[in-house]
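# Summary of the model geometry
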Amino acid sequence: MDAAIGFVVAKGDQVDRARLSYLRTGATPSDDILDKAETGQSRDGGWPAYWADGIASVDATCFRLAELDDLGALGRQPARRALDWLTTRQHADGGWEEDASLAEIAPPWAVPGDPEARLYITANAAFWLTVAGQDARSAGPLDDRPGGAYAGVVAKAAEALRTEVQSDGTMPTFLVATWLSAAVLYRHDMFYESVRLQQRLIERMPELTAADAAWLAAANRRVGVRDDDPLIINAMLRLRQLQRSDGGFSSDDGATFDVHTTLAAIRACR
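Here goes a summary of the coordinates provided. (Residues numbered from 1 in each chain as written. Predicted model: local features only at pLDDT ≥ 70, side-chain atom pairs only at ≥ 80, totals over all residues. Heavy atoms only, no water.)

### Describing the overall build of the chain
When helices and strands are counted, the chain shows 12 helices and two strands. Secondary structure elements in the chain, listed N-terminal to C-terminal, are α-α-α-β-β-α-α-α-α-α-α-α-α-α. On C-alpha atoms alone, the chain measures out to a radius of gyration of 17 Å, which is about the 18 Å that the 2.2 N^0.38 rule sets for 270 residues. If one aligns the C-alpha atoms of the chain with their principal axes, the spans along those axes are about 45 × 45 × 45 Å. (Helix = DSSP H or I, 4+ residues; strand = E, 2+ residues; numbered from the N terminus. Rg over C-alpha atoms; globule rule 2.2 N^0.38 Å.)

Written out as structure tokens, the structure is:
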């Protein structure tokens, strides 16, 4: 942890260091830092991806929510607008996919109309609506249901994900969707399906990258999976194997995102 913290301090920008401070001590970032983290939001509430030509993207919005979560900012207006926007993008069957206009430029994991991409986008949106609902509630009594203010939306999403869990613990989609789905189903007390996914993830742990292991552990701990659970223990061991000599963890998207991956590892360990 000390080495990872040192890497973020040395290589990160102001927002990265503010995320680190919040993860370590709960320190509230300055308004300037929060404004910088929230910049670029579309008028409708989503954030566009770098490849999305200005069109709000479900995947990019979830990525930004993860950054805002590291700043304790899910209760602020921009995050609430983003979560509200995600609810408007849900399909009648409980799933999500990117805007059809992005079909020609979207990366493989986000291509609208592709079943594997649809499951990943659904798992990602469902995860953030599940964990952020209580932070994002605007008023009224505390809603203890999964998703809080968005309980109805995420219940439908959880059921859609549950039906895609195969008997061998796989899902017909990218591996990342498996650990996000495991987290969503765990939070919704669908333990039978969640454990099947977890067991398959443990089997595949040796092939996970640092970014994968960090994201897997952080997501499942975020929904209450205990740190002595076999899934978390195996993910932590994998992270220990993959930490670099400079303290950082390598991103699958290039060195530009190494700090983000390292922050995910720190989030998983906090």
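### Examining the layout of surface pockets
In this model, the largest pocket occupies a volume close to 1500 Å³. If you trace the largest pocket, you find 48 residues lining it, with F63, W215, D253, F257 and H260 closest to the centre. Residue assignment for the lining of the largest pocket shows that the elements contributing at least two residues are α2 (14-25), α3 (31-38), β1 (47-48), α4 (58-69), α6 (115-136), α8 (175-187), α10 (210-222) and α12 (258-269). For the lining of the largest pocket, the leading source of residues is α4, giving eight residues. When its volume is computed, the second largest pocket comes out at roughly 190 Å³. Around the second largest pocket, the lining residues are M1, A4, I233, M236, L237, L239, R240, Q243, F249, A265, I266 and C269. Elements supplying a minimum of two residues to the lining of the second largest pocket: α11 (230-242) and α12. With five residues, the top contributor of residues to the lining of the second largest pocket is α11. Taken together, the residues of the lining of the second largest pocket sort by class into 10 nonpolar, one polar and one charged. (1 Å grid on protein atoms, 1.4 Å probe; cavity = no way out; pocket = protein on both sides within 12 Å on 5 of 7 lines; lining within 4 Å. Points joined across faces, edges and corners; volume = space filled by probe spheres on them. Nonpolar A, V, L, I, M, F, W, Y, C, P; charged D, E, K, R; others polar.)

### Focus: helix α7 (residues 151-162)
Relative to the 16 Å expected for 12 residues at 1.5 Å per residue, α7 spans 16 Å between its end C-alpha atoms, a close match to the ideal helical length. When α7 is considered as a whole, its buried residues turn out to be A151, V153, V154, A157, A158, A160 and L161. (Expected span 1.5 Å × (residues − 1). Buried < 20%, exposed > 50% of the residue type's maximum accessible area, 1.4 Å probe, protein only.)

### Comments concerning α10
For α10, spanning 13 residues, the distance from its first C-alpha to its last is 18 Å, which sits close to the expected 18 Å at 1.5 Å a residue. Most of α10 sits out of view: 10 of its 13 residues are buried. Of all the positions in α10, only A210, A211, D212, A213, A214, L216, A217, A218, A219 and N220 are classed as buried. Looking one or two residues past α10, G224 carries a phi angle of roughly 105°, positive in sign.

### Quick look at the packing of aromatic side chains
Under the defined criterion, the tally for this structure stands at three aromatic pairs. Residues F127 and W128 carry aromatic rings whose centres are separated by 5.1 Å and whose planes lie at 85° to one another, so their mutual orientation is edge-to-face. A residue is classified by how much of its surface remains accessible, and F127, at 4% relative accessible area, is buried. Residue class for W128 comes out buried when judged on its relative accessible area of 7%. Taking 5.4 Å as the distance between ring centres and 75° as the angle between the ring planes, the aromatic pair formed by Y186 and F191 counts as edge-to-face. Assessed through its relative accessible area of 23%, Y186 is described here as partly exposed. (Phe/Tyr/Trp six-rings, centres within 6.5 Å; stacked < 30°, edge-to-face > 60°.)

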